[in-house]
Amino acid sequence: MLVLGDLACPNSKCANLLISDMQRYDLFRDKIILCNLEGMIRDDEPYFDEKLFNHSKVLDAFESTKTVFSIANNHTYDYPEQIENTEILLKQKGFYCNGVFNRDIVPTIIQDGNSTFAIFTHCWRVYTETNPNNENRVRITDCSYEQFLNTIVDFIHKNPNMKVICYFHWNYDLEILPFPAYRKLSHQLIDAGVFAVIGNHAHVPQGGEMYNGHVIVYGLGNFYIPSGYFFDGKLSYPEQSKKMMVLELSEDSNEVLCHWFLTDEQESLRLIKTEKFVDGDMITQYSPYRKMDDREYLKFFKKNRIKRRLVPVFTNFQGFSYSIKEFAAIYRIKVIKKIKH
């Protein structure tokens, strides 16, 4: 199975470029793929909006019946009226779609060889609260992390033979380090029996670690979001966003691979290196916390994090302290948006 980061493709021209580049690599052929669809399907190219979307042509880059798209992300609510249409289109074309909340948190079940995977997706509530859906009743999965953890524990208890993957949309844009709370949550999920924990949204790689023999990746980076199109052409990513990782999972942790690509350049994708997750040079460089315990990492995070101004340090993922900090984070973003507009 391949796990990709964020995808927002603005038009058929960019889609054809991505299709061509993906076809150059055997890596993407005949594989189960999990990818974050960063924005709904919309073909009328409203570049002036400060929003993200995907042109329907980009779906031709992926193999139906083998691709799971997550829509549990903050840009799903950019076009609430397109959520149901996007979900219907994906299913009509044979793709799996996960992230819409219908009373229960429901995984996508998919077979890969002799393994049955249950894929759960989740979006940090800070983003759905600051970019809400005020147009209809469709909701994506953004429950508390505590509720999400309890759901996973219950599912594993009832389905011990399935391999559970938790795919998160979390953290701040361009933050290079995972929250200390996310390390704790990821570790507890692995302790509960989760096969792999993978995150995205930061638009830069955040590295990862092996924990009790299982893979945790905190941020894959952008799979493909080209600069110079969205937000009236003003959305442009910095150099550190041009490197991204495609994770290749395996039942043998020693065979898990990191495929490092350059993206958002003249070519949409260019492979620069493939290495083992356990000890590769690049993944180790992006993961300075691998040997740190919680106390050491908290100190390291406070010293080296990027987002600082009025940004709380999330040390835990539940409890009263977390709720207060989450409220502060929501209020901060709302104030910033109001000032900008």
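I will try to describe carefully the structure that is included in this document. (Residues numbered from 1 in each chain as written. Predicted model: local features only at pLDDT ≥ 70, side-chain atom pairs only at ≥ 80, totals over all residues. Heavy atoms only, no water.)

Moving on: the packing of helix H4 (residues 145–158) against helix H5 (residues 180–191). Helix-helix packing: each pair is described by the crossing angle between the helix axes and the interaxial distance. Taken N-terminus to C-terminus, the directions of H4 and H5 make an angle of 15 degrees; their axes are 10 Å apart at the nearest point. In this view, H4 runs roughly parallel relative to H5, as classed from their interaxial angle. Handedness of the crossing formed by H4 with H5: right-handed. Along its contact with H4, which presents Tyr145, Leu149 and Ile152, the element H5 presents Tyr182, Leu185, Gln188 and Leu189. Residue composition of the contact of H4 with H5, grouped by class: six nonpolar, one polar and no charged. (Axes fitted to C-alpha atoms, helices over the stretch in contact; angles between N-to-C directions. Helix = DSSP H or I, 4+ residues; strand = E, 2+ residues; numbered from the N terminus. Parallel < 35°, antiparallel > 145°, perpendicular 65-115°, else oblique. Left-handed = near helix turned anticlockwise from the far one by under 90°. Contact = heavy atoms within 4.5 Å. Nonpolar A, V, L, I, M, F, W, Y, C, P; charged D, E, K, R; others polar.)

Taken together, the buried positions of helix H2 (residues 83–92) are Ile83, Thr86, Glu87 and Leu90. End-on view of H2: buried residues confined to an arc of 100 degrees, all on one side of the axis. Those residues of H2 that are buried are in contact with strand S2 (33–37), strand S3 (67–70), strand S4 (96–98) and strand S5 (100–101). Within two residues after H2, glycine 94 carries a phi angle of roughly 90 degrees, on the positive side. (Buried < 20%, exposed > 50% of the residue type's maximum accessible area, 1.4 Å probe, protein only. Arc of directions from axis to C-beta.)

With that settled, the discussion passes to the packing of aromatic side chains. The relation between two aromatic rings is expressed through the spacing of the ring centres and the mutual angle of the planes. Tallied over the full model, the rule gives 34 aromatic pairs. With a centroid separation of 5.7 Å and 65 degrees between ring planes, the pair formed by tyrosine 172 and phenylalanine 179 is classed as edge-to-face. Just as tyrosine 172 is buried, phenylalanine 179 falls in that class too. Between arginine 183 and the ring centre of tyrosine 297, over which it is positioned, the NZ or CZ distance is 4.9 Å. Residue placement shows arginine 332 over the ring face of tyrosine 172; its charged tip is 5.9 Å from the ring centre. (Phe/Tyr/Trp six-rings, centres within 6.5 Å; stacked < 30°, edge-to-face > 60°. Lys NZ or Arg CZ within 6 Å of the ring centre and 35° of its normal.)

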